[in-house]
Amino acid sequence: MTITTPPATSGRPDAATTNRATFRTPAPEDGPAVWRMVEETPGLDTNSLYYYTLWFRDFADGSLVATVDDELVGFLTGYRRPEEPETYFVWQTAVSPRHGIPFLGVKLFQAAADLQVANGARYVEATVSAENKAIIMVLKQFAKKHSAAVETRVLFPSNLFAETHHDEVLYRIGPLTTD
């Protein structure tokens, strides 16, 4: 699966318009680049390089990477919940701040979620810190686009984690349709 975004421009007539992000299904070979991106992105939970490599072998169908001119500039990991196959859970996402494509993270989320809805998902879930206003806005915009309800609740309270960690607030969007 490959999706190409519109070219990035700065609004100036002489601005470069060749930077197009391509979204594609990740492969295990994308693991190192994603791991480095996570290591360089403040606020993301870090996992091992092995984890991302294995994830892209076993859960690639729920994940996407964004590339510009063969450089990985963003990723999203997600999966269909085994106990609830109609629910798509978005677990982690990040984009490189130097890619120059407006709203790349939003486009990546929407592409991944829309693909899952087209393939039968009726709900999209993600956990978010209550302070992460940007991601919360993305989730609410997605729900509005699909005329779907948003339910929230604390999925995992902070006291479950060994380190200082925020409550993981679950956002559940749906039911969704392809109409």
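Predicted model only: the values in this text are computed from it and were never measured.

K.L.:
In this structure, what is going on with the pattern of salt bridges? I would like to understand it.
P.N.:
When charged atoms on two side chains of opposite charge get close, those side chains can pair. Scanning the model with the defined rule gives 8 salt bridges in all. Residue Arg24 pairs with Asp30 through a salt bridge whose shortest N-O separation is 2.9 Å. Linking Glu125 and Arg172 is a salt bridge whose minimum nitrogen-to-oxygen distance equals 2.7 Å. One end of the pair, Glu125, is in strand β6 (residues 123–128); the other, Arg172, is in strand β8 (residues 168–174), with 47 residues separating them in the sequence. Comparing Glu125 with Arg172, the two get one shared label, buried.

K.L.:
Please explain the packing of helix α3 (residues 104–118) against helix α4 (residues 133–145) as it appears in this structure.
P.N.:
The angle between the axes and the distance between the axes are what describe a pair of packed helices. For the pair α3 and α4, interaxial distance at closest approach is 11 Å and the crossing angle is 45°. By the angle class used here, α3 and α4 are oblique. Crossing of α3 against α4: the hand is right-handed. Between α3 and α4, the contacting residues are Val106, Phe109, Gln110, Ala113 and Asp114 on the first element and Val138, Leu139, Phe142 and Lys145 on the second. Here the residues of the contact of α3 with α4 sort into 6 nonpolar, 1 polar and 2 charged.

K.L.:
Hey, could you run me through the environment of Tyr123 in this one?
P.N.:
Topologically, Tyr123 is positioned in strand β6. Through-space distance from the C-alpha of Tyr123 to that of Tyr88 is 6.2 Å; in sequence the pair is 35 residues apart.

K.L.:
What is the right way to read the confidence of the model for the protein from this model?
P.N.:
Note that predicted coordinates carrying low pLDDT should not be read in detail. Averaged over the protein, the pLDDT score is 87; the fraction of residues at 70 or greater is 89%. Contacts from residues 6–18, a stretch scored under 50 in pLDDT, to residues over four places away or in other chains number 15 contacts.

K.L.:
When you look at helix α2 (residues 49–58) in this model, what are you seeing that I'm missing?
P.N.:
For an α-helix the count is 3.6 residues per turn, leaving residues at separations of three or four pointing the same way. For α2, the full list of buried residues reads Tyr52, Trp55 and Phe56. The buried residues of α2 occupy an angular sector of 90° when projected down its axis, which confines them to one face. Of the residues in α2, the exposed ones pointing more than 90 degrees away from the buried face are Tyr50 and Arg57.

K.L.:
What's the story with the side chain of His146 in this structure? I'm lost.
P.N.:
Relative to the elements of secondary structure, His146 occurs in the loop between α4 and β7 (149–156). In terms of polar contacts, His146 uses its side chain to reach the side chain of Asp114, at 2.9 Å. Those residues in contact with His146 that lie beyond four places of it in its chain are Asp114, Leu176 and Thr177.

K.L.:
Is there a simple way to think about the nonpolar core in this case?
P.N.:
One recurring pattern in soluble globular proteins is that nonpolar side chains are buried together. Ranked by size, the top nonpolar core spans 32 residues in total, and within it Phe23, Phe109 and Val124 carry the most contacts. Of all elements in the fold, only β3 (64–68), β4 (71–81), β5 (84–95), α3, β6, α4 and β8 reach the threshold of two or more residues within this core. Per element, the largest residue contribution to this core is 8 residues, and it comes from α3. Residues contacting Phe109, with those up to four places away along its chain left out, are Leu76, Val90, Val124, Val138, Leu139 and Phe142. Core analysis: the second largest hydrophobic core is formed by 10 residues, Val38, Phe56, Val65 and Phe75 among them.

K.L.:
Could you clarify how one ought to interpret the packing of aromatic side chains in this entry?
P.N.:
According to the stated counting rule, one finds 10 aromatic pairs in the structure shown. Note on Phe109 and Phe142: the rings are 5.4 Å apart at their centroids and 85° apart in plane angle, and the pair reads as edge-to-face. With Phe109 in helix α3 and Phe142 in helix α4, the pair connects residues that are 33 residues apart, well separated along the chain. Pair check on accessibility: Phe109 and Phe142 agree, each one buried. Here the guanidinium or amino end of Arg172 rests over the ring plane of Tyr123, the centre of that ring lying 3.9 Å away.

What counts and what doesn't
- Residues numbered from 1 in each chain as written.
- Predicted model: local features only at pLDDT ≥ 70, side-chain atom pairs only at ≥ 80, totals over all residues.
- Heavy atoms only, no water.
- Salt bridge = Lys/Arg side-chain N within 4 Å of Asp/Glu carboxyl O.
- Helix = DSSP H or I, 4+ residues; strand = E, 2+ residues; numbered from the N terminus.
- Buried < 20%, exposed > 50% of the residue type's maximum accessible area, 1.4 Å probe, protein only.
- Axes fitted to C-alpha atoms, helices over the stretch in contact; angles between N-to-C directions.
- Parallel < 35°, antiparallel > 145°, perpendicular 65-115°, else oblique.
- Left-handed = near helix turned anticlockwise from the far one by under 90°.
- Contact = heavy atoms within 4.5 Å.
- Nonpolar A, V, L, I, M, F, W, Y, C, P; charged D, E, K, R; others polar.
- pLDDT = per-residue confidence, 0-100.
- Arc of directions from axis to C-beta.
- Polar contact = N/O pair within 3.5 Å; in protein donor to acceptor, adjacent residues only side chain to side chain.
- Core = buried A, V, L, I, M, F, W, Y, C linked by side-chain atoms within 4.5 Å.
- Phe/Tyr/Trp six-rings, centres within 6.5 Å; stacked < 30°, edge-to-face > 60°.
- Lys NZ or Arg CZ within 6 Å of the ring centre and 35° of its normal.

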